[in-house]
Amino acid sequence: MNHVRSVTILGATGSVGRSTLDLIGRQRDAFEVAALTAGRDVAGLAELARRLRPRTAVIADPALYDDLKNALSGSGIEAAAGDQAVVEAAGAGADWTMAAIVGTAGLKPVMRALEGGGTVALANKEALVSAGDVMTAAARAEGATLLPVDSEHNAIFQCFDHARPESVRRIILTASGGPFRTCGLDAMRSVTPAEAVAHPNWSMGAKISVDSATLMNKGLELIEAFHLFPLPAEAFEVVVHPQSVIHSLVEYVDGSVLAQLGAPDMRIPIAYTLAWPERMETPCERLDLVKTGLLSFEEPDLERFPALGLAKAALREGGAKPAILNAANEIAVASFLESRIGFLDIAAVASETLARYDPPAPASIDEVLEIDRQARGIAAGITGKFTN
Ligand code: NDP
């Protein structure tokens, strides 16, 4: 890359944040770090800050301000704390911002980064699932560039003809199928949290691993893809591809299909967004097609994986439905991880929450957050019914 870029990492202490900083640390001369933020991990944030030398380090929990200040004493790095300070860091005008805060806590910071009109590398799922219309309208209005970090959307972004979207007929997201791809419905009833978080190909946190096992993750990704690429809802499909080598595909009107392939390492899509529109070296494992051998594909089974059907319906209906689905799913997954409901109950809780709650489409982030709050309350009540 031929000029120094200023970068801010929101969610620096998480898995995506640390992968981003790993890449930045390998090309220190190409980047100037403006701000790093975290939720509660003061020690992790302070250690990263001393290494990457940002102007500011922000901890979201205001009670941890003194701890952060002490941990950074003598470093010359400014310490700040509180949700509003995280939002301000997001709006401090970096050329490039990584949005890798987990959950709805990420919505306001993403919005502020988009309002700044710079480049936003988006990992946080809720931004597009729960607030897709609001976020994409803000990005358009401010001239911000939204680059998808998730491996599937990043793959589509790399294959998509952005100048001629009308030449694209179909977008196909690949799904690994998760650990229960070949499991019968009866056996799925008694799946344990430990079995559900053991993802076959990717190493991820518990919540997202359960979402991969139910295929809810793929459903949420369909909704995200709809907001990122200008095609009708019916143009987005899912195919199960157990090897996770092809990260997604774009089919053109002439029948050509373009795919992006690579090792399952998040640093590859992150590096793409970090260097865009150029490319940068990464230390990632290279794809060995001969060693990989077989690439196989299957139709997703909506009977065993009803979460995918729920997400498709929420995408078609639009409005508040995706936000409700996301909130209800989070509540249900948390209950499942505490062994309070069964694996198949996760989709049942989400389905009943969607049936019971039908508010108008949100027009602002505050309205999205209110729908999220209400949906969580309803889902928590429904979860009680399924409790083991
Ligand atoms: P992690 O849980 O590893 O990290 C989350 C980050 O957000 C941490 O820095 C955490 O700080 C911070 N955080 C948590 N709560 C708050 C809060 N209330 N306010 C401010 N910051 C907070 O998540 P991942 O890195 O795995 O994922 C980040 C996002 O990217 C998620 O939305 C995920 O779905 C998405 N994603 C992740 C992928 C992956 O491979 N991991 C792939 C594609 C998308 P602290 O450490 O202090 O808690």
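Located above this text is the structure these notes cover.
These figures come from a predicted structure and were not determined experimentally. (Residues numbered from 1 in each chain as written. Predicted model: local features only at pLDDT ≥ 70, side-chain atom pairs only at ≥ 80, totals over all residues. Heavy atoms only, no water.)

Taken in spatial order, the seven strands make up an open sheet running E4-E3-E2-E1-E5-E6-E7, and their pairing is parallel. Each end of this open sheet is capped by a strand with a single partner; those strands are strand E4 (78–81) and strand E7 (145–148). Strand-to-strand twist across the sheet, computed as the mean angle between neighbouring axes with direction ignored, equals 20 degrees. In this structure, strand E6 (residues 119–122) lies alongside E7, joined through four bridges in parallel fashion. Bridge pairing in E7 places Thr119 opposite Thr145. (Pairing = 2+ DSSP bridges. Helix = DSSP H or I, 4+ residues; strand = E, 2+ residues; numbered from the N terminus. Axes fitted to C-alpha atoms, helices over the stretch in contact; angles between N-to-C directions.)

Take empty space enclosed by the protein next. What the rule picks out here adds up to three cavities of 30 Å³ or more. If you add up the space inside the largest cavity, you get close to 50 Å³. What lines the largest cavity is Met188, Thr214, Arg304, Phe305, Pro306, Ala307, Phe343, Leu344 and Ala347. Of the residues belonging to the lining of the largest cavity, the class tally is seven nonpolar, one polar and one charged. (1 Å grid on protein atoms, 1.4 Å probe; cavity = no way out; pocket = protein on both sides within 12 Å on 5 of 7 lines; lining within 4 Å. Points joined across faces, edges and corners; volume = space filled by probe spheres on them. Nonpolar A, V, L, I, M, F, W, Y, C, P; charged D, E, K, R; others polar.)

Adjacent strands of a sheet pair through backbone hydrogen bonds, lying either parallel or antiparallel. Taken in spatial order, the four strands line up as E9-E8-E10-E11 in an open sheet, and their pairing is mixed. Bordering the open sheet on either side are strand E9 (236–240) and strand E11 (257–261), each of which pairs with just one other strand. Taken pair by pair, the neighbouring strands of this sheet meet at an average axis angle of 20 degrees, ignoring direction. By the bridge criterion, five bridges tie strand E10 (residues 246–252) to E11 in an arrangement that is antiparallel. When the bridges of E11 are listed, Ile246 appears paired with Leu261. Where helix H7 (residues 151–159) meets the sheet, it contacts strand E8 (168–175), E10 and E11, and its direction lies at approximately 40 degrees from that of E10. (Contact = heavy atoms within 4.5 Å.)

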